[in-house]
Amino acid sequence: MSQPHAAPAASKRPFSSTTTSPSPTSSPAPPLMKKTKHSAASSSSAGTSEKNGIHLDAAVAAAAASGGRTNGEEDTEMVLADQDELPAPSAQASGGVAANLFRKKATLPQPSTSTRKPLRIKIGQPKLPKNFEEDTWAILKDAITAIFLKKKLSCDVEKLYQAAGDLCLHKLGANLYERIKKECEIHIAEKISALVGQSPDLVVFLSLVQRTWQDFCDQMLIIRGIALLLDVKYVKNVANICSVWDMGLQLFRKHLSLSPEIEHKTVTGLLRLIESERLGEAIDRTLLSHLLKMFTALGMYSESFEKPFLECTSEFYATEGVKYMQQSDIPDYLKHVESRLQEEHERCILYLEANTRKPLIATTEKQLLEQHTSAIIEKGFTMLMDANRINDLSRMYNLFQRVNAVELLKLALSSYIRATGQGIIMDEEKDKELVPFLLDFKASLDKILEESFAKNEAFSNTIKDSFEHLINLRQNRPAEMIAKFLDEKLRAGNKGTSEEELEGILDKVLVLFRFIQGKDVFEAFYKKDLAKRLLLGKSASIDAEKSMITKLKTECGSQFTNKLEGMFKDIELSKEINDSFRQSSQARTKLPSGIEMSVHVLTTGYWPTYPPMDVKLPHELNVYQDIFKEFYLSKYSGRRLMWQNSLGHCVLKADFPKGKKELAVSLFQSVVLMLFNDAQKLSFLDIKDSTGIEDKELRRTLQSLACGKVRVLQKIPKGRDVEDKDEFVFNDEFSAPLYRIKVNAIQMKETVEENTSTTERVFQDRQYQVDAAIVRIMKTRKVLSHTLLIAELYQQVPFQNINLAVCIMYLAVLCDEGHHMRNS
């Protein structure tokens, strides 16, 4: 086993195991100790760590390793363990080193109970070389000058960065900041002043400004990179001082403002470029974008550019709006406005600031739209509505929404509806065209509302109010015409109309029905026409008839359709009565042969009132009527039958020389034709005496038989009108391709008397309703002024074209008479 190595020289190891006081003059790091196979350690160096049997003081080792100072600090304190206070090795411990080595285990020294005293060593602050700041700034100044002059740097950028950092490290950042600012200002001022008096061509001048700005940005970026530690170490910790980059921007703005010629010329060039683009010329948008970004970066955009830009925009579009309104029609003008607004929006995206968009669009809308809304309405709205220009109306609606002029457009729509329909409504000669016109007009308005006005609720209400005013201009006439239009559509013979199309027509007519105020007038005429369709079998579809009744019931309630539904019930009951009659003993034993008759038994209260018309029926028909009457009264005692001859119709079998035919005729036509079974020629007076038909009805009947399309009889002399001296003969030459022929009666225009009678019945019904309403109101209120009574009556009655004051006076007279009678 080898002996422990001897200690090295004191110059290399100032702290040995036998030294009791360390030397304060030097503190090199202790050398590393190599571990031998069986190494021994001196027990005289007591510490807090143990490795391979060697005890080291942690504080001593750390201080030695650090070299006595901390990197980056000017004042350093080093703490060493006081060796005097370390426990002294005992004799037993020193004498047992060999034994410990042989046992491969060292005996731990006992720690001292005394307190350690740290040893502090102070090192003085290093001194800067002479002229350090001036020499360093000279290097940086040369570099800044080279950067602005676009020359090659004489020094590496990394060294420049380190130089600026050294100045900041030694708390010289304030002087460095001011020197950089001053140097940059000199060069920036030279660059901007060089622009004075440059090219008169604005585009060339703008290019020079843009190049100057771009060079400035590139140069300041390099300078900022060199002085990065200046921003970090100095600027960030000092209030009211901006960064190197912001300082450069302030200097650029300052000297640009000191040269108003350059600023004015630049702004003027920008405005000219934008105006050229508005006029359709191609411009350099990149140049525009860069210069506007320059104004934004310098904080000059709003005051120096945006304000004059908006003023120029207002002047440009004010002039253009007046010019285009004079030269263009409204659709083209609206398209132009829409195009201009889109261009300005794109302009904000391409090179203007986002905050400019709102005032720019508002200025454009004001000059192109808001100043001309009334002229646009007056010049083009009616034309667009008449031509049904859906897209143009939609464009107008959207543009007017931008300037809050929708109310003006709504008023124009109301005026258009009232003015357009008034000509048709008030023209009595166009009554036949009234309902088709209203249907088409309403359909076009609904389409415009949906596709052009975006289903705006205000516009929907405007259409409803205007249409209601329009359709009630002639009081009861529209209600009457709507009922007759339905009669025409629901009659048999409307070929080419499917059930779905018929249902659609009914729905559209129901829309018109909602607008009319005289719904009782509609009911009277509709009931009269429905009765003819049911009794004469002329309904196109019973399902369509019932569907219309259901729609009216949903719209107006069961009271409105009570009588109409009763008419359908009478038709169904009549079928059951006819079936029972045919199976009865009277029918089997007493009915004449060769005749088939079907009877409709009607309830008087459900059906319209028909004036009784006498006629001398053939013997066979009289017998049939008597037998049916006997059967009916035997089954329903206490009832009374009254025959309505004017509503009857028959099918006659006729034997013409050229072939047999079946003639579908009315009862009056049938009575007239059967006279010619016993005579070849009859005069008008002879026919009148034999039939007993009223004069006017007889003339109409003979006219349909001898002067219509199907001429079963011949009139002598020929002519359209039937005179008293005319004679009629059976037409032996009659021929027709069909076997069954419909002989249509001459459709007389509804006479004034018939219209008057229907209207009078309606007014009579209204009178009763008004009387009942007055009684109800007065029972509740007891005392009420005339004005308030009129107001409440208008709320309760469903019609407004009746003299309520007359009704009130009438009831007042009745009440007064009743009072006198009670007193007497």
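Being a predicted model, the structure only gives us computed values, none of them experimental.

Definitions and cut-offs
Residues numbered from 1 in each chain as written. Predicted model: local features only at pLDDT ≥ 70, side-chain atom pairs only at ≥ 80, totals over all residues. Heavy atoms only, no water. Helix = DSSP H or I, 4+ residues; strand = E, 2+ residues; numbered from the N terminus. Buried < 20%, exposed > 50% of the residue type's maximum accessible area, 1.4 Å probe, protein only. Contact = heavy atoms within 4.5 Å. Areas by Shrake-Rupley, 256 points an atom, 1.4 Å probe, with all protein chains shown as cover. Pairing = 2+ DSSP bridges. Axes fitted to C-alpha atoms, helices over the stretch in contact; angles between N-to-C directions. Salt bridge = Lys/Arg side-chain N within 4 Å of Asp/Glu carboxyl O. Patch = residues over 30% accessible without salt bridge, like charges linked within 9 Å, V, L, I, M, F, W, Y side chains within 5 Å. Lys, Arg positive; Asp, Glu negative; His and termini not counted. Charge placed at Lys NZ, Arg CZ, Asp CG, Glu CD. pLDDT = per-residue confidence, 0-100. Parallel < 35°, antiparallel > 145°, perpendicular 65-115°, else oblique. Left-handed = near helix turned anticlockwise from the far one by under 90°. Nonpolar A, V, L, I, M, F, W, Y, C, P; charged D, E, K, R; others polar. Expected span 1.5 Å × (residues − 1). Polar contact = N/O pair within 3.5 Å; in protein donor to acceptor, adjacent residues only side chain to side chain.

A. Quick look at the overall build of the chain. When you go through the chain residue by residue, the secondary structure sums to 32 helices and 10 strands. Expressed as a percentage of its 824 residues, the buried residues of the chain come to 40%. Restricting to contacts in the chain with at least 6 residues of sequence separation, those with at least 24 account for 70%. For the chain, the exposed area adds up to about 47700 Å²; of that, 51% sits on carbon and sulfur atoms.

B. Main features of the sheet that holds strand β7 (residues 681-683). On the basis of which strands lie adjacent, the open sheet formed by 3 strands has the order β7-β9-β8 and antiparallel pairing. Here the strands that pair on one side only, and so sit at the sheet edges, are β7 and β8 (713-716). Ignoring which end each strand starts from, the neighbouring axes of this sheet average 25 degrees apart. Of the strand pairs in this sheet, β8 and strand β9 (residues 727-730) are connected by 4 bridges, and their pairing is antiparallel. Opposite Gln714, over in β9, you have Val729 as the bridge partner. Of the strands in this sheet, β7 and β9 touch helix α28 (residues 684-691), which is tilted by about 85 degrees from β7. Lying over the sheet, helix α29 (residues 695-706) contacts β8 and β9, oriented at roughly 110 degrees with respect to β8.

C. Focus on the pairing of strand β5 (residues 649-656). Burial of the side chains of β5 is restricted to one face: Cys650, Leu652, Ala654 and Phe656 are buried, whereas none of His649, Val651, Lys653 and Asp655 on the reverse face is. Pairing of β5 with strand β6 (residues 659-666) involves 8 bridges; the strand directions are antiparallel. Residue pairing for β6: Val651 is matched across the bridge by Ala664. Hairpin remark: β5 followed by β6, antiparallel, with 2 residues in the connecting loop.

D. Representation of the pattern of salt bridges. Taken as a whole and judged by the stated rule, the model has 37 salt bridges. Here Asp487 ties to Arg533 by a salt bridge, and the two come within 2.7 Å at their closest N and O atoms. You can see Asp487 sitting in helix α20 (residues 477-490) and its partner Arg533 sitting in helix α22 (residues 519-535), a full 46 residues away along the chain. Each of the two residues, Asp487 as well as Arg533, counts as buried. Among the salt bridges present, the one from Lys681 reaches Glu727, with a minimum N-O distance of 3.7 Å. Of this pair, Lys681 sits in strand β7 while Glu727 sits in strand β9; the two residues are 46 residues apart in sequence, bridging distant segments of the chain. Through salt bridges with shared partners, one network takes in Glu277, Arg278, Arg285, Glu344 and Arg347.

E. Spotlight on the environment of Ala679. Mapped onto the elements, Ala679 comes out in the loop between α27 (667-674) and β7. Sequence spacing of Ala679 and Val729 is 50 residues, and the spatial spacing of their C-alpha atoms is 8.6 Å.

F. Main features of a negative patch on the surface. A cluster of acidic side chains, namely Glu499, Glu500, Glu501 and Asp543, defines a negative patch on the protein surface. Top contributing element to the negative patch by residue count: helix α21 (residues 499-515), with 3 residues. Topologically, Glu500 is positioned in helix α21.

G. Unusual backbone geometry, seen in detail. At the junction of Ile716 and Pro717, the peptide bond is cis and its omega measures out at -5 degrees in the coordinates. With respect to the helices and strands, Pro717 occurs in the loop between β8 and β9. Its identity as a non-glycine residue notwithstanding, Lys171 has a phi of 60 degrees, on the positive side. The topology assignment puts Lys171 in the loop between α5 (157-169) and α6 (173-193). For Lys171, a relative accessible area of 78% corresponds to the exposed category. Phi angles above zero are rare outside glycine, and Lys455 is one such case at about 55 degrees. Inspection of the secondary structure puts Lys455 in the loop between α18 (431-451) and α19 (457-471).

H. Layout of the sheet that holds strand β10 (residues 740-742). The strand order β5-β6-β10 describes an open sheet built from 3 strands, whose pairing is mixed. Both outer strands of the open sheet, β5 and β10, are each paired with one neighbouring strand and no more. On average, each strand axis in the sheet is tilted by 30 degrees relative to the strand beside it, whichever way the strands run. In the packing of α27 onto the sheet, contacts are made with β5 and β6, and the angle to β6 comes to roughly 135 degrees.

I. The arrangement of the confidence of the model for the chain in detail. When pLDDT is averaged along the chain, the result is 79, and 79% of the positions lie at 70 or above. The low-confidence segment residues 1-106, where pLDDT is below 50, has 113 contacts with residues more than four positions distant or belonging to other chains. pLDDT under 50 marks residues 817-824. Its contacts with residues more than four places away, or in other chains, come to 0 contacts.

J. Focus on the packing of α6 against helix α9 (residues 244-257). Close contact between α6 and α9 brings their axes to 9 Å; oriented N to C, the two are set at 40 degrees. If you check the angle between α6 and α9, you find them oblique. Considering how the two elements wind past one another, α6 and α9 form a crossing that is right-handed. Taken together, the residues of α9 that come into contact with α6 (itself represented by Tyr177, Ile180, Lys181, Cys184, Glu185, Ile188, Ala189 and Ile192) are Met247, Gly248, Leu251, Phe252, Lys254, His255 and Leu256. Residue composition of the contact of α6 with α9, grouped by class: 10 nonpolar, 2 polar and 3 charged.

K. Main features of helix α7 (residues 202-226). Between the first and last C-alpha of α7 there are 36 Å, a value that for 25 residues agrees with the 36 Å anticipated at 1.5 Å per step. By the N-cap criterion, in which a side-chain oxygen at the helix start approaches the backbone nitrogen of a residue two or three places on, α7 is capped by Asp201, the distance to Val203 being 3.1 Å.

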